[in-house]
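The residues making up each chain are set out below.
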Amino acid sequence: VQLQASGGGLVQPGGSLRLSCAASGSRFTLNAMGWYRQPPGKQRELVAEISRGGTTTYADSVKGRFTVSRDNAKNTVYLQMNSLKPEDTAIYYCNADWWALPEVGRSWGQGTLVTVSS
């Protein structure tokens, strides 16, 4: 299963961006999907994740500002980011747990850069 992320860019503090991540492959079923980020000089951290049924989890630092959603028919996960802060600057990676019996696995997207700066 391959993941292709898009939607990053440069935005001013207080602005918004929407990231998308589409999964492709043969005969797979997606389970949980999510977004991680890696700020400059720091380790990768969880931003948000969503189960196949729509249950969501968020990092405390983004609660109330970011919203994760998915379209199971399109095999796509989204991250709506509002009220962006300079500390949100990072490379954002999507991931997805999947199964294509007898295989199961986790795939990662290539990363998309989000820069929050005036």
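To be clear, the structure that these remarks concern was listed above.
## Overview of the state of the cysteines
- By the definition in use, this model includes one disulfide.
- A sulfur-sulfur separation of 2.0 Å characterises the disulfide bridge that pairs C21 with C94. In this structure the cystine formed by C21 and C94 twists about its S-S bond by roughly 60 degrees; its chirality is therefore right-handed. Here C21, found in strand β3 (residues 17–24), pairs with C94, found in strand β9 (residues 90–100); they are 73 residues apart in sequence, far enough to count as distant.
- Overall, C21 belongs to the buried group, its relative accessible area being 0%.

## Some points on the packing of aromatic side chains
- Counted according to the given criterion, the structure contains one aromatic pair.
- Pairing Y36 with W108 gives two aromatic rings, centres 5.1 Å apart and planes at 65 degrees, and the pair type is edge-to-face. In this pair, Y36 sits in strand β4 (residues 29–38) while W108 sits in strand β10 (residues 103–108), placing the two residues 72 residues apart along the sequence.
- The exposure class of Y36 is buried, given its relative accessible area of 18%.
- On the basis of relative accessibility, which here comes to 35%, the residue W108 falls in the partly exposed class.
- For the cation-ring pair, R18 lies above Y78, with the distance from its terminal atom to the ring centre recorded as 4.1 Å.
- Lying across the ring of W108, R44 places its NZ or CZ 4.8 Å from the centre.

## Considerations on unusual backbone geometry
- Going from L101 to P102, the amide bond is cis rather than trans, its omega being 10 degrees.
- Locating P102 in the fold gives a position in the loop between β9 and β10.
- Unlike most non-glycine residues, N75 shows phi in positive territory, near 50 degrees.
- Looking at where N75 falls in the secondary structure, it is placed in the loop between β7 (66–71) and β8 (76–81).

## What to know about the pairing of β8
- Within β8, five of the six residues are buried, which leaves the element mostly enclosed by the surrounding structure.
- Across six bridges, the pairing between β3 and β8 is antiparallel. Within the sheet, the bridge partner assigned to A22 lies in β8 and is T76.
- Bridging between β7 and β8 involves six bridges; their strand directions are antiparallel. Across the sheet, S69 pairs through a bridge with Y78, a residue of β8.

## Notes on the sheet that holds β8
- Read from one edge to the other, the open sheet built from four strands follows the order β1-β3-β8-β7, with strand pairing classed as antiparallel. A strand with exactly one partner marks an edge of an open sheet, and here the two such strands are β1 (2–6) and β7. Each neighbouring strand pair of the sheet contributes to a mean axis angle of 15 degrees, computed without reference to strand direction.
- Bridge count between β1 and β3: five bridges; the pairing is antiparallel. Bridge pairing in β3 links S6 to S20.

Cut-offs and rules
Residues numbered from 1 in each chain as written. Predicted model: local features only at pLDDT ≥ 70, side-chain atom pairs only at ≥ 80, totals over all residues. Heavy atoms only, no water. Disulfide = S-S within 2.5 Å. Helix = DSSP H or I, 4+ residues; strand = E, 2+ residues; numbered from the N terminus. Buried < 20%, exposed > 50% of the residue type's maximum accessible area, 1.4 Å probe, protein only. Phe/Tyr/Trp six-rings, centres within 6.5 Å; stacked < 30°, edge-to-face > 60°. Lys NZ or Arg CZ within 6 Å of the ring centre and 35° of its normal. Pairing = 2+ DSSP bridges. Axes fitted to C-alpha atoms, helices over the stretch in contact; angles between N-to-C directions.

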